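Residue-level structural notes
Listed below are the residues making up each chain.
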Amino acid sequence: MKRVFSLILSLFILFGVVACSPNERSPETSSKPGTKDTLPQQTESTSTDAEDFQAGIPEEYRLKINAPADWGEPLPTSEYNIDFPLFGINDVMDPQQPSDQDPVTLPKVGELFTVEELEAYFGMNIKVGDVHPIENSDGARYLLYEAEIKGFCDGEVNIWIYDWGDQMSALSTMNIVLSDPREIEGLGKRALISKENVYILVKDGIVLTVSVEFVPPDSGGWMEPADEELLLDFARLAYDRTIGKLE
């Protein structure tokens, strides 16, 4: 009897060991997403539609394709010139002006007159002042003294020359800068005078500007423009010197 009972107990132990063996897995845990069972199917789907980068995505979630893959025509251009330069006033106002035109070499304004010439012209002592020219321009500033050169000056002369690139830009600048200008006949290509300045279109886009100021007696040190006759006479002389340098 004991022998039969031992045999039955051994069979139960044997069946228990077989059931708990790690080599046996249930069908539910052997098939997981992304395992070898599913890879052959995905590879086949990709290979059948290699040109479709949205393969496998449901239709309602696909991106809309506006142009076919074999589209070869260029995109339409805009009717507006978005490449408009911020400071390209010359090209806008004068389309015939070539954009690659070499800039004109402006004369050195400080070389138009010597200090001795200016002292003889104005009958005053002259001191050369500091200037800070911008691009395509040059200038000279002269301080006038009735006696010795010390303290505050008794007058000031400013001569500047600018290259605005073309004639239309130069004329537009002259009209914008000057307040209540009047035209002067027989001076340069065109000349305008305001209360304090004379602007002369020398040639093309080159503009010469001249101003002369004095400190009147009992003015408290404030400068006032010189008489128009003196201003025009000196502007004509500066224009003649400028033309001589440009030629």
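Residues numbered from 1 in each chain as written. Predicted model: local features only at pLDDT ≥ 70, side-chain atom pairs only at ≥ 80, totals over all residues. Heavy atoms only, no water.

Before going further, it helps to examine the packing of aromatic side chains. Summed over all chains, the structure comprises seven aromatic pairs. When the centroid spacing of 5.0 Å and the interplanar angle of 70° are considered together, the rings of Tyr 121 and Phe 122 count as edge-to-face. Classification of Phe 122 by relative accessible area gives buried; the value is 13%. Centre to centre, the rings of Trp 160 and Tyr 162 are 6.0 Å apart; their planes meet at 15°, and the pair counts as stacked. By the ring-pair criterion, three or more aromatic residues cluster together here, those being Phe 113, Tyr 121, Phe 122, Phe 214 and Phe 234. (Phe/Tyr/Trp six-rings, centres within 6.5 Å; stacked < 30°, edge-to-face > 60°. Buried < 20%, exposed > 50% of the residue type's maximum accessible area, 1.4 Å probe, protein only.)

To continue, consider the packing of helix H5 (residues 115-122) against helix H7 (residues 228-246). H7 packs onto H5 with a crossing angle of 155° between their chain directions and a minimal axis gap of 13 Å. Here H5 is positioned roughly antiparallel relative to H7, judged by the angle of their axes. In terms of crossing hand, the pair formed by H5 and H7 is right-handed. Along the contact surface, H5 presents Glu 117, Leu 118, Tyr 121 and Phe 122, while H7 presents Leu 230, Asp 233, Phe 234, Leu 237 and Arg 241. Of the residues that constitute the contact of H5 with H7, the class distribution is six nonpolar, no polar and three charged. (Axes fitted to C-alpha atoms, helices over the stretch in contact; angles between N-to-C directions. Helix = DSSP H or I, 4+ residues; strand = E, 2+ residues; numbered from the N terminus. Parallel < 35°, antiparallel > 145°, perpendicular 65-115°, else oblique. Left-handed = near helix turned anticlockwise from the far one by under 90°. Contact = heavy atoms within 4.5 Å. Nonpolar A, V, L, I, M, F, W, Y, C, P; charged D, E, K, R; others polar.)

Let us now look at the nonpolar core. Among the nonpolar cores identified, the biggest contains 33 residues, and Val 157, Ile 159, Val 198, Ile 200, Leu 208, Val 210 and Phe 234 are the most heavily contacted of them. When contributions to this core are tallied by element, the ones reaching two or more residues are H5, strand E2 (137-145), strand E3 (155-163), strand E5 (190-193), strand E6 (197-203), strand E7 (206-214) and H7. Contacts of Val 157, omitting those with residues within four sequence positions, involve Phe 122, Ala 140, Arg 141, Tyr 142, Leu 144, Ser 211, Val 212 and Phe 234. Formed by eight residues, the second largest nonpolar core is a distinct cluster that contains Ala 170, Leu 171, Met 174 and Leu 178. (Core = buried A, V, L, I, M, F, W, Y, C linked by side-chain atoms within 4.5 Å.)

With that out of the way, let us pick up a nonpolar patch on the surface. A contiguous nonpolar patch, built from Phe 53, Leu 63 and Ile 65 and spanning about 360 Å² of accessible area, is present on the exposed surface. Within the fold, Ile 65 resides in the loop between helix H3 (39-48) and helix H4 (89-93). (Patch = residues over 30% accessible without salt bridge, like charges linked within 9 Å, V, L, I, M, F, W, Y side chains within 5 Å. Areas by Shrake-Rupley, 256 points an atom, 1.4 Å probe, with all protein chains shown as cover. Salt bridge = Lys/Arg side-chain N within 4 Å of Asp/Glu carboxyl O.)

For H7, spanning 19 residues, the distance from its first C-alpha to its last is 26 Å, which sits close to the expected 27 Å at 1.5 Å a residue. Within H7 the residues assigned to the buried category are Leu 231, Leu 232, Phe 234, Ala 235, Ala 238, Tyr 239, Thr 242 and Leu 246. Angularly, the buried residues of H7 cover 165° about the axis, an arc narrow enough to put them on a single face. Of the surrounding secondary structure, the elements contacted by the buried residues of H7 are H5, E3, strand E4 (182-184), E5, E6 and E7. (Expected span 1.5 Å × (residues − 1). Arc of directions from axis to C-beta.)

A few words now on the confidence of the model for the protein. Within the protein, residue pLDDT values average 76, and 64% of them lie at 70 or more. The secondary structure element of the protein with the lowest average pLDDT is H4, at 41, and the one with the highest is H5, at 97. Below a pLDDT of 50 lies the segment residues 1-5, which in the model reaches zero contacts outside its immediate sequence neighbourhood of four places, other chains included. Here residues 20-48 is modelled with pLDDT under 50, and outside its nearest four sequence neighbours on either side it reaches three contacts, counting other chains as well. (pLDDT = per-residue confidence, 0-100.)

Positive phi outside glycine occurs at Asn 136, with the angle close to 60°. You can see Asn 136 is positioned in the loop between strand E1 (125-128) and E2. The backbone of Asp 204 sits at a positive phi, close to 50°, despite the residue not being glycine. Relative to the elements of secondary structure, Asp 204 occurs in the loop between E6 and E7.

Before going further, it helps to examine the environment of Ser 172. Residue position: Ser 172 is located in helix H6 (residues 167-177). In terms of polar contacts, Ser 172 uses its side chain to reach the backbone carbonyl oxygen of Met 168, at 2.9 Å. (Polar contact = N/O pair within 3.5 Å; in protein donor to acceptor, adjacent residues only side chain to side chain.)

Turning next to the pairing of E6. In terms of burial, E6 is largely enclosed, as five of its seven residues are buried. Summarising the sheet, E5 and E6 pair through four bridges and their orientation is antiparallel. Bridging from a neighbouring strand, Leu 192 pairs with Tyr 199 of E6. The loop that links E5 with its antiparallel partner E6 comprises three residues. With six bridges connecting them, E6 and E7 associate as antiparallel partners. Residue pairing in the sheet places Lys 203 in a bridge with Ile 206 of E7. Counting the residues in the hairpin turn of E6 and E7 gives two residues, including Asp 204, whose phi is positive at 50°. (Pairing = 2+ DSSP bridges.)

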